[in-house]
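Structural description and commentary
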Amino acid sequence: MKIWIYRMITGILLAGWMTVIFLFSAQPAAASGKISGTIAYRMVETADRMLHLELEETQMERFAEKIDHPLRKCAHMTEYAVMSWLCCFFLAGYLGFCRRSYWLSLGITAFYAATDEMHQLVVPGRSGQFGDVCIDTVGAALGLLALYLCRKLVMHLSKKK
């Protein structure tokens, strides 16, 4: 693949993902809470059905409330892990997959997380949280670590052949 095509595709994917994150953050608290609450409830409902727990409606609602907060934080980590991958692939089109591209990806992702929390300060019912910036950055770091280890494994296995 020609490098300019690679750069364009990875740049579009990165910008698209950043837009997705921005749009999630632009949702008012009530809408965002409803979405995550529905997902948490569906997870409990599915577990109840698969494990034949026969939970009552109120029990399922309580379990859904208990997992809602951790589920939201996992979503934060995941969306920023994906962003860090896309950022690293984009930078690799200019720098190659070197330490610098990983560190720059982490820095860019952390900066975007901080600006995203500032953006939430003007969204009805939302607040910017330093803790969320930290969670997002940890998600990015774990994502980049996974990417690094996967690349090392693939390179190791390809050398054996």
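On a predicted model such as this, the values are computed, not experimentally measured, just so you know.

With that settled, the discussion passes to a nonpolar patch on the surface. The grouping of V138, L142, L145, Y148 and L149 at the surface amounts to a nonpolar patch, some 450 Å² of accessible area in total. Secondary-structure assignment places V138 in helix 5 (residues 130-160).

Throughout the structure, instances matching the rule amount to two salt bridges. Measuring nitrogen to oxygen at the nearest pair gives 3.2 Å for the salt bridge that ties E45 to R42. Taken together, the positions of E45 and R42, both in helix 2 (residues 29-51) and three residues apart, correspond to about one turn of that helix. Given the relative accessible area of 23%, E45 is considered partly exposed. The class for R42 is partly exposed, based on a relative accessible area of 47%.

Here we take up the side chain of R126. Following the sequence through the fold, R126 ends up in the loop between helix 4 (99-120) and helix 5. Of the buried charged residues, R126 lacks a salt bridge, with E117 as the closest side chain of opposite charge at 6.4 Å. Polar contacts involving the side chain of R126 include one to the side chain of Q120, which spans 3.4 Å. Sequence-distant contacts of R126, that is, excluding residues within four places in its chain, are made with F24, S25, Q27, P28, A29, S32 and Q120.

The subject of this paragraph is helix 2. With 23 residues, helix 2 extends 32 Å between its outermost C-alpha atoms, agreeing within 8% with the 33 Å of an ideal straight helix rising 1.5 Å per residue. Listing the buried residues of helix 2 in full gives S32, S36, A40, Y41, V44 and D48. Where helix 2 is buried, its residues touch helix 3 (57-95). Of the residues trailing helix 2, H52 is marked for its positive phi of about 55 degrees.

What follows deals with the packing of helix 4 against helix 5. Two packed helices can be described by the angle between their axes and the distance between those axes. Direction vectors running N to C along helix 4 and helix 5 enclose 155 degrees, while the axes themselves pass 9 Å from each other. The pairing of helix 4 with helix 5 is recorded here as roughly antiparallel in orientation. In this structure, helix 4 meets helix 5 at a crossing whose hand is right-handed. Residues Y102, S105, L106, T109, A110, A113, A114 and E117 of helix 4 form the contact with helix 5, whose participating residues are D132, V133, D136, T137, A140, A141, L144, L147, Y148 and R151. The class makeup of the residues in the contact of helix 4 with helix 5 is eleven nonpolar, three polar and four charged.

With that settled, the discussion passes to the packing of aromatic side chains. Evaluation of the coordinates by the stated rule reveals four aromatic pairs. Centre to centre, the rings of F90 and Y94 are 5.4 Å apart; their planes meet at 65 degrees, and the pair counts as edge-to-face. Note that F90 and Y94 are positioned in helix 3 at a spacing of four residues, about one turn of the helix. For F90, a relative accessible area of 22% translates into the label partly exposed. A centroid spacing of 6.4 Å and a plane angle of 45 degrees characterise the contact between F97 and Y102, whose relative ring orientation is tilted. Accessibility expressed as a relative area gives 29% for F97, which makes it partly exposed. Among the aromatic side chains, those forming a connected cluster through ring pairs are F89, F97, Y102 and Y148. Cation over ring: R7 sits above Y94, and NZ or CZ is 4.1 Å from the ring centre. It is R151 that lies over the ring of F97; its NZ or CZ is 3.8 Å from the centre.

Conventions adopted
Residues numbered from 1 in each chain as written. Predicted model: local features only at pLDDT ≥ 70, side-chain atom pairs only at ≥ 80, totals over all residues. Heavy atoms only, no water. Patch = residues over 30% accessible without salt bridge, like charges linked within 9 Å, V, L, I, M, F, W, Y side chains within 5 Å. Areas by Shrake-Rupley, 256 points an atom, 1.4 Å probe, with all protein chains shown as cover. Salt bridge = Lys/Arg side-chain N within 4 Å of Asp/Glu carboxyl O. Helix = DSSP H or I, 4+ residues; strand = E, 2+ residues; numbered from the N terminus. Buried < 20%, exposed > 50% of the residue type's maximum accessible area, 1.4 Å probe, protein only. Lys, Arg positive; Asp, Glu negative; His and termini not counted. Polar contact = N/O pair within 3.5 Å; in protein donor to acceptor, adjacent residues only side chain to side chain. Contact = heavy atoms within 4.5 Å. Expected span 1.5 Å × (residues − 1). Axes fitted to C-alpha atoms, helices over the stretch in contact; angles between N-to-C directions. Parallel < 35°, antiparallel > 145°, perpendicular 65-115°, else oblique. Left-handed = near helix turned anticlockwise from the far one by under 90°. Nonpolar A, V, L, I, M, F, W, Y, C, P; charged D, E, K, R; others polar. Phe/Tyr/Trp six-rings, centres within 6.5 Å; stacked < 30°, edge-to-face > 60°. Lys NZ or Arg CZ within 6 Å of the ring centre and 35° of its normal.

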